[in-house]
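# Structural characterization, general
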Amino acid sequence: MDDREPEVVFKKETIGKLLSLSFRDEKTKVSGDAVLLMAEMLKIFVQEAARRAAKQADAEDSDTVDIDHFEKILPQLLLDF
């Protein structure tokens, strides 16, 4: 069995669009490197959220992770980042 974690992938176009939506000036551009860096940060964030939610589910003797587990870990996750 393969023990590797599934690859988390974000589309560069989606990340670029999300970043540009947060700018006040419409003329502000986002470089390709900035998009790649943000995609990597989001990947790490999602992986950490999944790990913490799984740990929370395990602590509650649950076989599956559901939205309640994610909601419980979200406040601390946001504070850590």
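So, here is what we can say about the structure in this document.

About the cut-offs
- Residues numbered from 1 in each chain as written.
- Predicted model: local features only at pLDDT ≥ 70, side-chain atom pairs only at ≥ 80, totals over all residues.
- Heavy atoms only, no water.
- Helix = DSSP H or I, 4+ residues; strand = E, 2+ residues; numbered from the N terminus.
- Rg over C-alpha atoms; globule rule 2.2 N^0.38 Å.
- Contact = heavy atoms within 4.5 Å.
- Salt bridge = Lys/Arg side-chain N within 4 Å of Asp/Glu carboxyl O.
- Buried < 20%, exposed > 50% of the residue type's maximum accessible area, 1.4 Å probe, protein only.
- Arc of directions from axis to C-beta.

In this section: the overall build of the protein. Across its full length, the protein holds 3 helices and 0 strands. Put simply, the protein runs from its N terminus to its C terminus through helices and strands in the order α-α-α. Against the globule reference of 12 Å for 81 residues, the protein gives a C-alpha radius of gyration of 16 Å, more extended than a compact globule. If you line up the protein on its principal axes, its C-alpha atoms span 50 × 30 × 20 Å.

The next point concerns the side chain of H69. Relative to the helices and strands, H69 resides in helix α3 (residues 67-80). Leave out the neighbours within four places in its chain, and H69 touches A53, Q56, A57, E60, S62 and T64.

Scanning the entire structure with this criterion turns up 4 salt bridges. A salt bridge links E48 to R52, with the nearest nitrogen and oxygen atoms 2.7 Å apart. Linking E48 with R52, this pair stays in helix α2 (residues 32-59), spanning 4 residues, or about one helical turn. The salt bridge partner of E60 is K72, with a shortest N-O separation of 2.7 Å. Taken together, the positions of E60 in the loop between α2 and α3 and K72 in helix α3 put the pair 12 residues apart, joining distant regions of the chain. Since its relative accessible area comes to 33%, E60 is described here as partly exposed. Take K72: its relative accessible area is 48%, and that puts it in the partly exposed class.

The next point concerns unusual backbone geometry. A positive phi angle is found at D61, which is not glycine, with a value near 55°. Inspection of the secondary structure puts D61 in the loop between α2 and α3. Given a relative accessible area of 71%, D61 falls into the exposed group.

Here we take up helix α1 (residues 12-21). Buried within α1 we find I15, G16 and L19. Buried residues of α1 fall within an arc of 100° about the axis and therefore sit on the same side. Every exposed residue of α1 that faces more than 90 degrees away from the buried side is listed here: E13, K17, L18 and L21. Buried-residue contacts for α1 involve α2.

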